[in-house]
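Inside the fold
Residues per chain, in single letters:
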Amino acid sequence: MFKCSTVLPIKNTYVIIMPSLFSPSNVECTSVGEDFGTITWDPPAFDGGVPIKGTPETYTAANVQILCRPPWRKQQFTPTGEPTRLTVDDVTDTTCALKWRPPEKIGAGGIDGYIIEYCIEGSKYTQPVLGKNQYRVKGLPMGEKMLFRVVAVNIAGRSPPVTLSQAVTIREIVENPKIRVPRNLRTKLIRLVGEKVNLVIPFQGKPHPVVTWSKDGVLLEDKTVGIRTSHVDTIFFIRSAERTHSGKYTLSVQIENVSDSADVHIQVIEKPGPPVAVHVAEVWGFNAALEWKPPKDDGNCEIIGYTIQKADMKTKDWFTVFEHNRRPSCTVPDLVMGNEYFFRVFSENICGLSVEAGISENTAIVGKTGSAPPPVNCSPKFTAPLVDRSVIAGYAAAISCAVRGYPKPKIIWMKNNMIIGEDPRFMIRNNQGVLTLNIRKPSMFDGGKYSCRAINDLGQDEVECRLEVREPQMTLSAVVSLNRMIYWLLMLI
């Protein structure tokens, strides 16, 4: 005798052996997989004089038939555990949305699906429906209290049910509209020209609120602005921002007579234009006073300073004199006797310097006779102000400004409205009207308000700034060196 075996594909089937006089003997299942089984048997002792024929699903020999539907498959698996975390996600006047998690215990049989059963409170569960981890049951009677339960199903059958702790009343839940403005949109949103603007603003409210956008109080109808609204949020999108997109946008959500609104301020900016009317107002000694007017186009944002450069007529090489100069005027010092200079000024905003510069309309010629006072008497006037600074303790610092006036004004430096005088930690310089206050190794106590006052017989002028002194921060190399020093000290001890 010899053994015969085959691998049979099985899915929701069982095996029935039909008795016969010439049936195979010793039929047994040797192994079972997820969707297949292996059955072995001995061939019949007598084939009836006809060759044995058969397929993977049907075997016929004489009056013997094997059907591939094994009764042992169901006995090899067990139902899963009950689903977990059954909760109500949403309720309307005719529907109820449920969510749940898979069972903690699943087993080899896996999960084929879930059955949701529901009924009116006090009656038996009916109306089974199928779902996968979430489902919205529709067609529920309005105003009734409904019970829900969910069971998991696999080849071994149903799992124990998970039931809601209390009945759910089927009715529309009215929720006042509310806009949840993201934190980054609570201040002005600044974008460069050509950049994308993509805003996602969530809101809530039941039933679904009516959402509208407006700009500067007018209903938004700009075709370059895209608006997409869902049940939980609205998306505001601009593919390429232009300066015309700047303004106040108002989002409004409304349910019947109740509404909520939020404002979003968008500012689209670019680099400014050049200053205009740049000219040399006065030349005395080795100094030149420059004046100009702000640019006609500020780039849709505030001008934060100017950069001034000079060049002599011989070399025509440009050198930067001042950066971040805040006033539309300055005094250029240290000009060379006998040279003729012309100047250019760049305006600056938060995008950077202007592409083009304003060129001075006239030139400054420094005479060879040396420094001479201006012929006209005038009260002191600061042509370059003091600028707020932040320095590191222990490193030398300096603040400077420029003044002009005749007769030559008396200069007084003050700290917190107290005259500095002959304090050895400070060194005061006056070079042709350019005033500098040097601070030797400032400490934390040297921070505060500094002011400079210029006085002559015709009047006085004063400028001030704030100086912040920060503690020095140790670099990585300094920390490593300090750790090594501590290590060797500990070794010596």
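Residues numbered from 1 in each chain as written. Predicted model: local features only at pLDDT ≥ 70, side-chain atom pairs only at ≥ 80, totals over all residues. Heavy atoms only, no water.

Observations concerning the sheet that holds strand S38 (residues 410-415)
- Spatial ordering of the open sheet is given by S36-S43-S42-S38-S39, a layout of five strands whose pairing is mixed. Strands at the two margins of the open sheet, each flanked by one partner only, are strand S36 (389-392) and strand S39 (418-419).
- Sheet analysis places S36 next to strand S43 (residues 459-470), joined by four bridges and oriented parallel. Directly across from Arg389, in S43, lies its bridge partner Leu467. (Pairing = 2+ DSSP bridges. Helix = DSSP H or I, 4+ residues; strand = E, 2+ residues; numbered from the N terminus.)

Overview of the confidence of the model for the protein chain
- On average, residues of the protein chain score 81 in pLDDT, and 83% of them reach the 70 mark or higher.
- Low pLDDT, under 50, characterises residues 1-21; the stretch is placed with 61 contacts to residues that sit more than four places away or in other chains.
- Residue range residues 55-74 is modelled with pLDDT below 50. Its contacts to residues more than four positions away, or to other chains, number 61 contacts. (pLDDT = per-residue confidence, 0-100. Contact = heavy atoms within 4.5 Å.)

Here's the deal with the sheet that holds strand S19 (residues 197-206)
- A sheet is described by the order of its strands in space; here four strands give the open sequence S17-S19-S23-S22, paired in antiparallel fashion. Each end of this open sheet is capped by a strand with a single partner; those strands are strand S17 (175-179) and strand S22 (225-229). Here the strands of the sheet are splayed against their neighbours by 15° on average, with no regard to which way each runs.
- Here S17 pairs with S19 via three bridges, running antiparallel. Within the sheet, the bridge partner assigned to Lys178 lies in S19 and is Gln204. (Axes fitted to C-alpha atoms, helices over the stretch in contact; angles between N-to-C directions.)

What to know about the pattern of salt bridges
- According to the stated counting rule, one finds 14 salt bridges in the structure shown.
- The salt bridge partner of Asp90 is Lys206, with a shortest N-O separation of 2.4 Å. Taken together, the residues Asp90 in strand S8 (residues 84-91) and Lys206 in strand S19 connect sequence positions 116 residues apart.
- Using a relative accessible area of 15% as the deciding quantity, one classes Asp90 as buried.
- For Arg243, the salt bridge goes to Glu270, with nearest N and O atoms at 2.7 Å. (Salt bridge = Lys/Arg side-chain N within 4 Å of Asp/Glu carboxyl O. Buried < 20%, exposed > 50% of the residue type's maximum accessible area, 1.4 Å probe, protein only.)

Side note on the pairing of strand S23 (residues 233-238)
- Of the two faces of S23, the one holding Thr234, Phe236 and Ile238 is buried and the one holding Asp233, Ile235 and Phe237 is not buried anywhere.
- Sheet topology places S19 next to S23; six bridges connect them, and they run antiparallel. Its bridge partner lying in S23, Pro202 is registered against Asp233.
- The pairing of S22 with S23 spans five bridges and is classified as antiparallel. Within the sheet, the bridge partner assigned to Thr229 lies in S23 and is Thr234.
- As consecutive antiparallel partners, S22 and S23 are separated by three residues.

Considering the packing of aromatic side chains
- Per the stated rule, a full pass over the model turns up seven aromatic pairs.
- Measuring from ring centre to ring centre gives 5.5 Å for Trp100 and Tyr114, while their planes differ by 70°; the resulting arrangement is edge-to-face. You can see Trp100 sitting in strand S9 (residues 96-101) and its partner Tyr114 sitting in strand S10 (residues 113-120), a full 14 residues away along the chain.
- For Tyr114, a relative accessible area of 5% corresponds to the buried category.
- With centroids separated by 5.3 Å and ring planes inclined at 70°, the aromatic side chains of Trp292 and Tyr306 adopt a geometry described as edge-to-face. Placement of the pair is Trp292 in strand S27 (residues 287-293) and Tyr306 in strand S28 (residues 305-312), with a sequence separation of 14 residues. (Phe/Tyr/Trp six-rings, centres within 6.5 Å; stacked < 30°, edge-to-face > 60°.)

A look at the environment of Lys124
- One can find Lys124 in the loop between S10 and strand S11 (126-131).
- Note: C-alpha distance between Lys124 and Leu147 (23 residues apart in sequence) is 9.5 Å.

Side note on the pairing of strand S37 (residues 397-406)
- Burial within S37 is extensive, with seven of its ten residues counted as buried.
- By the bridge criterion, four bridges tie strand S35 (residues 378-384) to S37 in an arrangement that is antiparallel. Its bridge partner lying in S37, Lys381 is registered against Arg404.
- Of the pairings in the sheet, the one linking S37 to strand S41 (residues 434-439) comprises six bridges and is antiparallel in character. Residue pairing in the sheet places Ile399 in a bridge with Leu437 of S41.

A short note on unusual backbone geometry
- For the bond from Tyr406 to Pro407, the omega torsion is 0°, close enough to zero to count as cis.
- Considering the arrangement of structural elements, one finds Pro407 in the loop between S37 and S38.
- Here the phi dihedral of Asn416 falls at roughly 55°; this positive angle occurs in a residue that is not glycine.
- Along the chain, Asn416 falls in the loop between S38 and S39.

Points about a nonpolar patch on the surface
- A cluster of nonpolar side chains, namely Leu482, Met485, Ile486, Leu489, Leu490 and Leu492, defines an oily patch on the protein surface of about 630 Å² accessible area.
- Mapped onto the elements of the fold, Ile486 is located in helix H2 (residues 476-492).
- The class for Ile486 is partly exposed, based on a relative accessible area of 40%. (Patch = residues over 30% accessible without salt bridge, like charges linked within 9 Å, V, L, I, M, F, W, Y side chains within 5 Å. Areas by Shrake-Rupley, 256 points an atom, 1.4 Å probe, with all protein chains shown as cover.)

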